[in-house]
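Reading the structure
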Amino acid sequence: MNWSGAYTWINLNYLLQGLWITIQISVISIILSSIFGAILGIIRYSKISKVSAFVGFLVDIVRNLPLLLILFFSYFGLPQIGIRFSTFSAAIFAFTIFESAMLAEIFRSGLEAVDKGQTEAARSNGLTYLQTLRYIVFPQGLKKMIAPIVSQFISLVKDTSLATIILLPDLMQRAQVIYGQDTNYMIPIFILVAATYFVVNYLLSLFAGFIDRRLKKLRIFKHIINITTQKHVL
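Counting starts from 1 at the beginning of each chain's written sequence and moves along it residue by residue. Per-residue local features are limited, in this predicted model, to residues with pLDDT of at least 70; the limit for side-chain atom pairs, both in listing and counting, is 80 or more; totals at the level of whole chains, interfaces and linings are taken over all residues. Excluding hydrogens and water, the side-chain values take into account all heavy atoms of the structure.

Re a nonpolar patch on the surface
- Residues enter patches when they are more than 30% accessible in relative terms and free of salt bridges; like-charged ones are connected within 9 Å and nonpolar ones (Val, Leu, Ile, Met, Phe, Trp, Tyr) within 5 Å. Working definition of accessibility: Shrake-Rupley area with a 1.4 Å probe, residue cover restricted to the visible protein chains. Salt-bridge detection follows one rule: a side-chain nitrogen of Lys or Arg within 4 Å of a carboxyl oxygen of Asp or Glu. Together, Trp20, Ile23, Val27, Ile28, Ile31, Leu32, Ile35, Phe36 and Ile39 line one region of the surface with nonpolar side chains, adding up to about 780 Å² of accessible area.
- Where helices and strands are cited, they refer to DSSP runs of H or I of at least four residues and of E of at least two residues respectively, numbered from the N terminus. Inspection of the secondary structure assignment puts Phe36 in helix α2 (residues 9-46).
- Note on classification: 1.4 Å probe, protein chains only; a residue is buried when its accessible area is under 20% of the maximum for its type, exposed when over 50%, partly exposed between these limits. Residue Phe36 is classed as partly exposed on the basis of its relative accessible area, which comes to 43%.

Printed below as a string of structure tokens:
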């Protein structure tokens, strides 16, 4: 093992550039999949005639497909029908599609975990369905969703390494390039890449804990308790 040769500034800078691409892919995919996942989850929760069933059907299909297959389809399959993506865009497209389906189930289950009495109390106090969903159901459900959502985001960051298969120059692909020059670099580079993924995901977990603590202090939850109490008193 050649530690000093593996950890030259040129190699480290090359890996940092790959890490930046990994972070970009992860952040963009997380933002897009959170938006689409929330929309799909709410549609499924709302039990809209036929629409919810159709969305559920599509979500189940995507959730049961390998992410690698979706990556292949995005980069190699779509060009066959005239839709061409760069490796960066194809990776974002694939990760967004897959994570949206996974998050849709998390959002749906989180919303359904909220006691039905909360909805009834809010509606009896004059709130519309959308107001009830926005101010009562979603905030309470969000508290239950944080842990699985963060777990899914951590999985996404790790899964970005799969984009190596379409030659996305991310952290993992650049690591392969480095130890491809000298097999003595392999173990040192693997250790460094593993440590990098750990640090990124650990920071994400700490951030989730911070958000969870902040949510517990929001006044909205005190308001929810008051509404529920009024309902029971009535």
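Let's talk about the nonpolar core
- Judged by nonpolar contacts, the single largest core of 34 residues is most densely connected at Ile25, Ala91, Phe95 and Ile149.
- Mapped onto this core, the elements with two or more residues apiece are α2, α3 (51-63), α4 (67-77), α5 (87-112) and α7 (129-159).
- Those residues in contact with Ile149 that sit more than four places away from it in its chain are Leu103, Ile106 and Phe107. In this description, a nonpolar core means a group of buried Ala, Val, Leu, Ile, Met, Phe, Trp, Tyr and Cys residues linked to one another through side-chain atoms lying within 4.5 Å. Contact definition: two residues touch when any of their heavy atoms are within 4.5 Å.

Quick notes on the pattern of salt bridges
- By the definition in use, this model includes five salt bridges.
- Two residues, Lys47 and Glu112, come together in a salt bridge whose shortest N-O distance is 2.9 Å. In this pair, Lys47 sits in the loop between α2 and α3 while Glu112 sits in helix α5, placing the two residues 65 residues apart along the sequence.
- Note on Lys47: relative accessible area 56%, which makes it exposed.
- What makes Glu112 partly exposed here is its relative accessible area of 31%.
- One salt bridge in this structure joins Arg108 and Glu112, with 2.7 Å as the shortest N-O distance. With a gap of four residues between them, Arg108 and Glu112 both fall in helix α5, about one helical turn apart.
- When its relative accessible area of 19% is taken as the criterion, Arg108 is described as buried.
- Beyond isolated ion pairs, a larger network of salt bridges with shared partners links Arg44, Lys47, Glu105, Arg108 and Glu112.

Thoughts on unusual backbone geometry
- With a phi close to 70°, Lys50 is a non-glycine residue in the positive phi region.
- When its relative accessible area of 72% is taken as the criterion, Lys50 is described as exposed.
- Positioned with a positive phi, Leu167 is a non-glycine residue whose angle comes to about 65°.

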